[in-house]
Amino acid sequence: MTYDILALQEMLKAKQNGRRFTHTLGVQYTSACLAMKYGADIQKAEVAGLLHDCAKHKKPEKLLKYCQDRQLEITPAQQRQPFLLHGLVGAYVAREKYGVEDEEILNAIKWHTTGRPAMSLLEKIVFTADYIEPGRNQAPNLNELRRISFENLDQAVCLISKQTLDYLEKTPVDIDEITRLTYEYYKETFN
Ligand code: FE
Ligand code: FE
């Protein structure tokens, strides 16, 4: 299947504000670069990167309703902080609205926020690209992390999930348990 990247970009641009759309393009291109480096399907990486936040503009009530309507199971942390659902809902929106049927792409969208143990190559690529794309400037050591991302992807996933956990521990936001499982898995894998 070939995808009309320009058409997807235009649909997303109509939904996202400038800042989010810039992030979207950054994740598209960074996913493509990582796919080149690690031998993943470049077009799938671009589509997954483009669509990873396709549900992020939805309001909390909408995200919850979307899950209720489809009888999707949600965790207590997701109930309290519905933005945690934007990956899961994004995978459904990618299928229903953007016509993506490829399970690999849909899983990369679904798991991009928390990661999960034993991710596919495409899942690791989008998870990492979301964190290191050129528009990001928050995390400390981003330059080092960007370099590592192109040297050892499992190490990058380990560091990103660790930093996400450390960050969440300092905020009143609940930690989705799977973030911790992701870190523990990749700590073992990398070491
Ligand atoms: Fe996201
Ligand atoms: Fe994102």
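Residues numbered from 1 in each chain as written. Chains lettered and ligands numbered in written order. Predicted model: local features only at pLDDT ≥ 70, side-chain atom pairs only at ≥ 80, totals over all residues. Heavy atoms only, no water.

Colleague: What is the right way to read the overall build of the protein from this model?
Modeller: Across its full length, the protein carries eleven helices and zero strands. Taking 2.2 N^0.38 as the reference for a compact globule, 191 residues should give roughly 16 Å; the C-alpha atoms of the protein span a radius of gyration of 16 Å, in line with that estimate. In terms of overall dimensions, the protein has C-alpha extents of about 40 × 40 × 30 Å along its principal axes. The 191 residues of the protein split such that 49% are buried. Approximately 9800 Å² of the protein is accessible, and the part contributed by carbon and sulfur atoms is 51%. Averaging the positions of the 25 positive and the 26 negative side-chain charges in the protein gives two centres separated by 5 Å. (Helix = DSSP H or I, 4+ residues; strand = E, 2+ residues; numbered from the N terminus. Rg over C-alpha atoms; globule rule 2.2 N^0.38 Å. Buried < 20%, exposed > 50% of the residue type's maximum accessible area, 1.4 Å probe, protein only. Areas by Shrake-Rupley, 256 points an atom, 1.4 Å probe, with all protein chains shown as cover. Lys, Arg positive; Asp, Glu negative; His and termini not counted. Charge placed at Lys NZ, Arg CZ, Asp CG, Glu CD.)

Colleague: I would appreciate a short explanation of a positive patch on the surface in the present structure.
Modeller: On the surface, Lys15, Lys59, Lys62 and Lys97 cluster together into a patch of positive charge. By secondary structure assignment, the location of lysine 97 is in the loop between helix 6 (86-96) and helix 7 (103-110). By relative accessible area, which is 39% here, lysine 97 ends up partly exposed. (Patch = residues over 30% accessible without salt bridge, like charges linked within 9 Å, V, L, I, M, F, W, Y side chains within 5 Å. Salt bridge = Lys/Arg side-chain N within 4 Å of Asp/Glu carboxyl O.)

Colleague: Mind showing me how you'd approach the coordination of the iron ion (ligand 1) here?
Modeller: Each donor-metal-donor angle would ideally measure 109.5 degrees in four-coordinate tetrahedral geometry, or 90 or 180 degrees in six-coordinate octahedral geometry. All of the protein donors around the iron ion (ligand 1) are Asp53 (OD), His86 (NE2) and His112 (NE2); their distances to the metal are 2.1 Å. One chain supplies every donor for the iron ion (ligand 1), spaced along it as D-x32-H-x25-H. Here the iron ion (ligand 1) and the iron ion (ligand 2) are spaced 3.4 Å apart, and both take aspartate 53 as a donor. Of the two residues, aspartate 53 sits in the loop between helix 3 (42-51) and helix 4 (60-69) while histidine 112 sits in the loop between helix 7 and helix 8 (121-132), which places them 59 residues apart along the sequence. In this structure, aspartate 53 and histidine 112 share a single accessibility class: buried. (Donors = N, O, S within 2.8 Å, 3.2 Å for Na, K, Ca; no water.)

Colleague: Please clarify how the side chain of glutamine 9 should be interpreted in this entry.
Modeller: In this fold, glutamine 9 is placed in helix 1 (residues 5-15). Contacts of glutamine 9, omitting those with residues within four sequence positions, involve Phe21, Leu25, Gln28, Tyr29 and Leu50. (Contact = heavy atoms within 4.5 Å.)

Colleague: Where do I start with the packing of aromatic side chains in this structure?
Modeller: Given two aromatic rings, their pairing is described by the distance between the two centres and the angle made by the two planes. With the rule as written, the count across this model stands at one aromatic pair. Just above the ring of tyrosine 38 sits the side chain of lysine 37; from NZ or CZ to the centre is 5.8 Å. Positioned above the aromatic ring of tyrosine 66 is the side chain of arginine 70, whose terminal nitrogen or guanidinium carbon lies 3.5 Å from the ring centre. (Phe/Tyr/Trp six-rings, centres within 6.5 Å; stacked < 30°, edge-to-face > 60°. Lys NZ or Arg CZ within 6 Å of the ring centre and 35° of its normal.)

Colleague: Explain the coordination of the iron ion (ligand 2) here, please?
Modeller: Surrounding the iron ion (ligand 2) are the protein donor atoms His23 (NE2), His52 (NE2), Asp53 (OD) and Asp130 (OD), at 2.2 to 2.3 Å. Coordination geometry of the iron ion (ligand 2): the four donor atoms subtend angles of 79 to 170° at the metal centre, consistent with an arrangement described as irregular. Counting the intervening residues between successive donors of the iron ion (ligand 2) yields the motif H-x28-H-D-x76-D. Take aspartate 130: its relative accessible area is 10%, and that puts it in the buried class. (Tetrahedral: all angles 85-135°; square planar, octahedral: opposite > 155°, others 65-115°.)

From the geometry alone we can't say anything about function, so treat these as descriptive.
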